[in-house]
Amino acid sequence: MEIPVIDLAPYLEFSDSAKQELDPQLKCLCSEVSRTLRETGALLVNDPRCAAQDNDLFIDMMEKYFEMPDDFKRLQERPHLHYQVGVTPEGVEVPRSLVDEDIQEKLKAMPIEFQPLAPTGPDPKWRYMWRVGPRPSNTRFKELNSEPVIPEGFPEWKDTMNSWGHKMISAIEAVAEMAAIGFGLQKDAFTSLMKQGPHLLGPTGSDLRHHGQLGTVFAGYHYDLNFLTIHGRSRFPGLNIWLRNGQKMEVKVPLGCLLIQTGKQIEWLTAGDCIAGMHEVVVTNRTIDAIKLATAQNRSLWRVSSTLFAHIASDAVLKPLGHFEESPLACNYPPMCAGEFVEQELAVINLKGSNGDL
């Protein structure tokens, strides 16, 4: 099964117009968005506002940062803020599959060909956490809304992070509106809850010079705890996802496209109609081919993911929306503050506030 590429341009044109009613073609497109998220937990989109050059500019800067000495990078480490901002060194983030017994049982029951690669410890990747968008002036969850950290010697840092972050949030918002329509909800059912959410631009950096062996696990089998996650195209492949039917699939992101994945918060809001997508990042044969090409071209061997975690606002209530309240599964998704939900999820892996990656 191939994940379809959804062109957001027709919907964006409609949003910019004075039209009130979606035409049948756009309604079908919205239904395609919700159906794909439901069946695969992932979606490829083409957003004319997010050019491939923007992604390249962002990755260029992050490659330069991750290539800096470890001692320099650790100056941006904020463990007392639970890694909510600044850098998270390799060996800190723990994949949920290592600590969650329920997931471990499910993995044993999987057919061998669909099983993920087993991590042997914490993820050997770095991550940088950057808050994107406004934060609430009054919130119960101040640690989830901390001020950003800017490394010295990167004058372009703030503008580059904010520019790419805001563009990806705009793409998420368009998809969230289309998905809501496709699910039979009000257009702003999701986006109204996202306002002033603790959205995180959380690019990862994996050193393929030291961890470039076939089968290395950079991000063990996990789901994301946030609402929707969006990625620009990485220069090194390696992302595997699991479809709702249990099938494992390697993701190929076309040039200029963005990948969107479902998180636990959208599962909550739809009472499990759309479930959080499981995924892993590993060194595959395609990764090895990309390493060889980058080496021949004298390019960086840091694998950077331009990842943004879009969240429901910390003080908003997570609960099944609209007709999903009537779902027989709604009782599995009791109302709770999104910030409380995030803290509960992160407590499971002993890394309170890590990112949204579990």
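Quick caveat: nothing in here was measured; it's all calculated off a predicted structure.

Caption draft 1: Summary view of the overall build of the protein chain. The helix and strand inventory of the protein chain stands at 10 helices and 16 strands. For the protein chain, whose C-alpha radius of gyration is 19 Å, the value lies close to the compact-globule estimate of 21 Å for 358 residues. Of all 358 residues assigned to the protein chain, the portion counted as buried reaches 58%. Looking at the protein chain alone, contacts between residues at least 24 apart form 81% of all its contacts between residues at least 6 apart. A total of about 15300 Å² of accessible surface is found on the protein chain, and carbon and sulfur atoms cover 52% of it. Of the charged side chains in the protein chain, 35 are positive and 47 negative, and the gap between their average positions amounts to 1 Å.

Caption draft 2: Spatial organisation of the pairing of strand E13 (residues 302–305). Neither face of E13 is exposed, since Trp302 and Val304 on one face and Arg303 and Ser305 on the opposite face are all buried. Relative to E13, strand E6 (residues 204–207) runs antiparallel, the two sharing four bridges. Of the residues in E13, the one forming a bridge with Asp207 is Trp302.

Caption draft 3: Main features of the layout of surface pockets. The calculated volume of the largest pocket comes to roughly 650 Å³. Along the wall of the largest pocket there are 42 residues; nearest its centre are Gly232, Arg233, Ser234, Arg235 and Arg303. Contributing elements (two or more residues each) for the lining of the largest pocket: helix H3 (52–66), E6, strand E7 (217–222), strand E8 (228–231), strand E11 (258–262), strand E12 (279–282), E13 and strand E14 (307–310). Across the lining of the largest pocket, the residue classes break down as 17 nonpolar, 15 polar and 10 charged. Considering the residues around the second largest pocket, the lining is formed by 25 residues, among which Lys106, Tyr221, Ile275, Ala276 and Met278 are closest to the centre. When the residues that make up the lining of the second largest pocket are grouped by side-chain class, the tally is 11 nonpolar, five polar and nine charged.

Caption draft 4: Representation of the pattern of salt bridges within the structure. Applying the stated criterion across every chain, the model contains 19 salt bridges. In this structure, Glu280 and Lys248 form a salt bridge, with 3.4 Å as the shortest nitrogen-oxygen distance. In this pair, Glu280 sits in strand E12 while Lys248 sits in strand E10 (residues 248–250), placing the two residues 32 residues apart along the sequence. The class of Lys248 is partly exposed, set by a relative accessible area of 23%. Linked through salt bridges whose partners overlap, the residues forming this network are Asp56, Asp60, Glu63 and Arg235.

Caption draft 5: Just the side chain of Ser34, in detail. Tracing the backbone through its elements, the reader meets Ser34 in helix H2 (residues 24–40). Polar contacts involving the side chain of Ser34 include one to the main-chain carbonyl oxygen of Ser31, which spans 3.0 Å. Not counting residues within four places of it along the chain, the set of residues in contact with Ser34 comprises Ala179, Gly182 and Phe183.

Caption draft 6: Molecular detail of the sheet that holds E12. The strand order E7-E12-E9-E10 describes an open sheet built from four strands, whose pairing is antiparallel. Strands at the two margins of the open sheet, each flanked by one partner only, are E7 and E10. Taking the axes of each pair of neighbouring strands and ignoring which way they run, one obtains an average angle of 20° across the sheet. Where strand E9 (residues 239–242) and E10 come together, three bridges link them in antiparallel fashion. Opposite Asn240, over in E10, you have Glu250 as the bridge partner.

Caption draft 7: The pairing of E11, seen in detail. For E11, the tally of buried residues reaches five of five residues, placing the bulk of the element in the interior. Residues Leu258, Ile260 and Thr262 line one face of E11 and the alternating positions Leu259 and Gln261 line the opposite face, and both faces are buried. Across four bridges, E8 lies against E11 in antiparallel orientation. Each residue of the ladder has a partner; that of Ile230, found in E11, is Ile260.

Caption draft 8: Structural context of the packing of helix H1 (residues 9–16) against helix H6 (residues 157–182). Remark: H1 packs on H6, axes separated minimally by 11 Å, with the N-to-C direction vectors making an angle of 90°. Judged on the interaxial angle alone, H6 and H1 are roughly perpendicular. Facing H1, whose interface residues are Tyr11, Leu12 and Ser15, H6 presents Ala174, Glu177, Met178 and Ile181.

What counts as what
- Throughout this document, residue positions are counted from 1 along each chain, in the order its sequence is written.
- The predicted origin of the model limits local features to residues at a pLDDT of at least 70 and limits the giving and counting of side-chain atom pairs to 80 or more, whereas totals for whole chains, interfaces and linings rest on all residues.
- Just so you know, side-chain values use all the structure's heavy atoms and leave hydrogens and water out.
- Secondary structure counts use DSSP, requiring at least four H or I residues in a row for a helix and at least two E residues in a row for a strand, with both numbered from the N terminus.
- The quantity called the radius of gyration is restricted to C-alpha atoms. Its globule counterpart is 2.2 Å times the number of residues to the power 0.38.
- Each residue is assigned to one of three classes by its accessible area relative to the maximum for its type, calculated with a 1.4 Å probe on protein chains only: buried under 20%, partly exposed between the two thresholds, exposed over 50%.
- The contact criterion used throughout is that any non-hydrogen atoms of two residues lie within 4.5 Å.
- Areas reported here follow the Shrake-Rupley algorithm with a probe of radius 1.4 Å; residue values treat only the protein chains shown as occluding.
- In summary, the charge assignment counts Lys and Arg as positive and Asp and Glu as negative, without counting His or the chain termini.
- By convention, charge coordinates are those of NZ in Lys, CZ in Arg, CG in Asp, or CD in Glu.
- When DSSP locates at least two bridges between a pair of strands, those strands are taken to pair.
- The distinction between a cavity and a pocket rests on a 1 Å grid over the protein atoms alone: a 1.4 Å probe fits inside a cavity but cannot get out, while a pocket stays open yet meets protein on both sides within 12 Å along at least five of seven lines, and a residue with an atom within 4 Å of a point counts as lining.
- Grid points are joined across faces, edges and corners, and a volume is the space filled by probe spheres set on the points.
- Each residue gets one label: Ala, Val, Leu, Ile, Met, Phe, Trp, Tyr, Cys and Pro are nonpolar, Asp, Glu, Lys and Arg are charged, and the others, such as Gly, are polar.
- What counts as a salt bridge is simple: a side-chain nitrogen of Lys or Arg found within 4 Å of a carboxyl oxygen of Asp or Glu.
- Any pair of N or O atoms that falls within 3.5 Å is considered a polar contact. Within protein, one atom must be able to donate a hydrogen and the other to accept it, and sequence-neighbouring residues count only if both atoms are side-chain atoms.
- Here an angle of 0 to 180 degrees is reported between the N-to-C directions of two axes, which are lines fitted to C-alpha atoms, with helices fitted over the stretch in contact.
- For this classification, under 35 degrees means roughly parallel, over 145 means roughly antiparallel, 65 to 115 means roughly perpendicular, and everything else is oblique.

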